[in-house]
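Results of the structural survey
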Amino acid sequence: MKNRREEIIYATLELASENSLGSVSMQQIAGKVGITKASLYNHFSSKEEIVEAMYEVLRSASKQKTQAAPLDYDRLTPDVPLQVILNGAVGSYRNMVNDPEMYRFYKVIMSERAINPAAAEIMVKETQTMIHATKTLFYALQVKGIANFENVDAAAFSFAMTVHSIIDYECDLMHMGQSEEPDEGKGGKNKKGQQDKKDMMQDYINEFCRIYAKA
């Protein structure tokens, strides 16, 4: 059962999904929840604060639902191929961001990041979180003798940003309807779009491993 803060967060997400984040007012949010505007301010001081809390709550809920547990670095050994490790890490991240509520949130944020500072701040925060997690993983891979990076920070930044870009591309395909299963009359076009994006991520990981996996 959701508490009042969570009710406010999910009501804001629903309104933003329907009308865009920028057009949602505190009065509309209060009305959606069924409380007064004054009562809403007892929980959040601004819409920006709601958006920030929304990111934290939805990200945490998504990780729990997809069982995205932290990687156990003690279990990393040279016997585990780099490709297996990276496929697992990327797969776990994709599952989290593709969780329905999290995807809905990112769809709103990505559509407004160019014009809404609060949305841009969320995207920067998520990108920085991803880069930091990748650097931590890559330093462990270097120490364990699984990968050989001349510059760990640069390799981690490049990998994180490329994965991020591919996921953005996947999101654009979903907006176009190309990731849905084809039905009669579509001639398999959407299925091809789905296969293209799947191959792009895997091809990138394969090439990355070819360059950096320790022989």
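In what follows, the accompanying structure is described. (Residues numbered from 1 in each chain as written. Predicted model: local features only at pLDDT ≥ 70, side-chain atom pairs only at ≥ 80, totals over all residues. Heavy atoms only, no water.)

1. Brief notes about the packing of helix α1 (residues 4-19) against helix α4 (residues 47-65)
Between α1 and α4, whose axes approach to 10 Å, the crossing angle comes to 100°. On the basis of their axis angle, the class for α1 and α4 is roughly perpendicular. The residues of α4 that touch α1, namely those facing Arg5, Ile8, Ile9, Tyr10, Thr12 and Leu13, are Ile50, Ala53, Met54, Val57 and Leu58. Partitioning the contact of α1 with α4 into residue classes produces 9 nonpolar, 1 polar and 1 charged. (Axes fitted to C-alpha atoms, helices over the stretch in contact; angles between N-to-C directions. Helix = DSSP H or I, 4+ residues; strand = E, 2+ residues; numbered from the N terminus. Parallel < 35°, antiparallel > 145°, perpendicular 65-115°, else oblique. Contact = heavy atoms within 4.5 Å. Nonpolar A, V, L, I, M, F, W, Y, C, P; charged D, E, K, R; others polar.)

2. Focus on the packing of aromatic side chains
If you walk through the whole model with that rule in mind, you get 11 aromatic pairs. Ring centres 4.8 Å apart and planes at 5° place the aromatic pair Phe138 and Phe149 in the stacked group. In this pair, Phe138 is assigned in helix α7 (residues 117-143) and Phe149 in the loop between α7 and α8 (152-176), connecting sequence segments 11 residues apart. Taken individually, Phe138 and Phe149 each receive the classification buried, so the pair is uniform in this respect. Members of the aromatic cluster, joined through ring pairs, are Phe138, Phe149, Phe159, Tyr204, Phe208 and Tyr212. (Phe/Tyr/Trp six-rings, centres within 6.5 Å; stacked < 30°, edge-to-face > 60°. Buried < 20%, exposed > 50% of the residue type's maximum accessible area, 1.4 Å probe, protein only.)

3. So, helix α5 (residues 82-97)
Here α5 contains 16 residues, and its C-alpha end-to-end distance of 23 Å stays within 8% of the 22 Å for a straight helix at 1.5 Å per residue. Within α5, the full set of buried residues consists of Leu82, Ile85, Leu86, Val90, Tyr93, Met96 and Val97. Along α5, the residues classed as buried sweep out an arc of 120° about the axis, all on the same side. (Expected span 1.5 Å × (residues − 1). Arc of directions from axis to C-beta.)

4. Considerations on helix α2 (residues 26-33)
Every buried residue of α2 is listed here: Met26, Ile29, Ala30 and Val33. One side of α2 carries all its buried residues, which in axial view fall inside an arc of 100°. One or two positions beyond α2, positive phi appears at Gly34, with a value near 90°.

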